[in-house]
Structures are given as C-alpha cells and as structure tokens.
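If you want the building blocks of each chain, they are given just below.
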Amino acid sequence: MFTGIITGLGRIVAIQSLGSSSDHGKRLTIEAPAGYLDDVGLGDSIALNGACMTATTLDLPLNRFTIDISAESLDKTTGLAETGPVNLEKALRAHDRLGGHIVSGHVDGIGSVTHFAEVGESWELRILAPRELGKYLAYKGSITVNGVSLTVNRVTDLAEGTELSINLIPHTVQNTALGRLAAGSHVNLEIDLIARYVERMLGDTHNNIPKKP
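Residues numbered from 1 in each chain as written. Predicted model: local features only at pLDDT ≥ 70, side-chain atom pairs only at ≥ 80, totals over all residues. Heavy atoms only, no water.

A. Examining the sheet that holds strand S13 (residues 186-191) more closely. Overall, antiparallel pairing links the 6 strands, which are arranged S8-S9-S12-S11-S10-S13 in a closed barrel. The average undirected angle you get between the axes of adjacent strands in this sheet is 45 degrees. The sheet contact formed by strand S10 (residues 142-145) and strand S11 (residues 148-158) spans 4 bridges and is antiparallel. Looking at the pairing, Ser-142 lines up with Thr-151 of S11. (Pairing = 2+ DSSP bridges. Helix = DSSP H or I, 4+ residues; strand = E, 2+ residues; numbered from the N terminus. Axes fitted to C-alpha atoms, helices over the stretch in contact; angles between N-to-C directions.)

B. Examining the pattern of salt bridges more closely. Inspection of the entire model under this criterion finds 10 salt bridges. The salt bridge partner of Arg-27 is Asp-68, with a shortest N-O separation of 2.7 Å. One end of the pair, Arg-27, is in strand S2 (residues 26-31); the other, Asp-68, is in strand S6 (residues 64-69), and 41 residues separate them in sequence. Arg-27 gets classed as partly exposed once you look at its relative accessible area, which sits at 31%. Its salt-bridge partner being Arg-64, residue Glu-31 comes within 3.4 Å of it at the nearest N-O pair. With Glu-31 in strand S2 and Arg-64 in strand S6, the pair connects residues that are 33 residues apart, well separated along the chain. Residue Glu-31 is classed as partly exposed on the basis of its relative accessible area, which comes to 32%. What makes Arg-64 partly exposed here is its relative accessible area of 29%. Here the residues in one salt-bridge network are Asp-39, Lys-90, Arg-93 and Asp-96, joined through shared partners. (Salt bridge = Lys/Arg side-chain N within 4 Å of Asp/Glu carboxyl O. Buried < 20%, exposed > 50% of the residue type's maximum accessible area, 1.4 Å probe, protein only.)

What follows is the structure, encoded as structure tokens:
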C-alpha cells in the first residue's frame, strides 16, 4: 500500500527487452536520489508513477535499482516505456503517517492532460479521464495522478469522458514529475479505494446473497 506522497524523483535511465516478441515485458533501470535506496531490500515494493513494482536488483553505489514490468502492465500504464523522470514512493510501513490517501498502486486507467497552466501562485491541471472512471470522481474527492495524491476541484462530464480539474501548489510542481506535464501528456490514474467499496455496497450484487431461513 501507498499514500500518494512522493518520496523521491527518479529517472528511468535504461530499458532492456525481456524477450523478442510483444508478449515479453521490459527490465527498467531507475536512478534514485542519493541515499534513497539505503533502507530498500530486494523484493520491496516501489511505486513508479503510481504503478506498484518490485525491486529486483539494487546498486547502492550508483543509486540504481531495476524492476521487471510485464507486457500487460506496460499496456495498462503510461510513462514506463521510455527513459525520463518518474515519481517514486516506497511502500507504506505500519507506523508511517498517512499523509495523502490510501493508494494501492494499481492503475485504473490512463488520462489525457487537456490544460496545464499557472494561475496566480499555483497551477491548474485538467485531465480527461476515461468515461468508465467518471462515476468514481467527485468534488473534493481524492485521485492519484502518476502516483501523486491530489484533490479534485471540479468534475465535468463530457461526451468523450470526464474532465477533472486539480489545483497544484508550487511544492508539488517542483518536487514531482507533474511539473513536466503539458496538454496532450498521458497520465496514470488510480481512483479512491473507498469509491470502489461504495460502488460494491450500492450495487445490486448484494441482492444475490442467500437469505437466512
């Protein structure tokens, strides 16, 4: 589990194919900030742009680690198939502060940035989310964008999907890879975990539970 509070800005520095066909995944080499990997062990979970991955090798002198990502995961995420900056978050420990919201590290869909511009001292980020995710988005609700826990300021249902508006403070722009976004950029989205359970509880599946005699 994660919180959506980015703990380091890393960079994918190398990509190696794990096979010759499109059914094979990739091995990514990620460079982390100095000292970031000091408390990381082999097999630990680290979220890359919001996608939970497993550290398969560690190179502490070079501040680098590798992860293996399947073809399925590459197909369902964005920003992990090319070199460049990535948001990093280590898995939540039982005694850590829950500074953002409960994040699973499982990407629910890919959104497209429709607007990203400075407004006063902050920035407005608008994202067009897939239509099927629209029912999970609410004013003042939580959304994870490329691994960053954010608050939805406005939701607009459109014919092509649901557009959400988010306000980013300068700290977020400067200390995550979100500051590099532009109109047309694609981002990983994870809906609020609580919204999943609400849908389940309000759906009609509970009507199929056998009644006691």
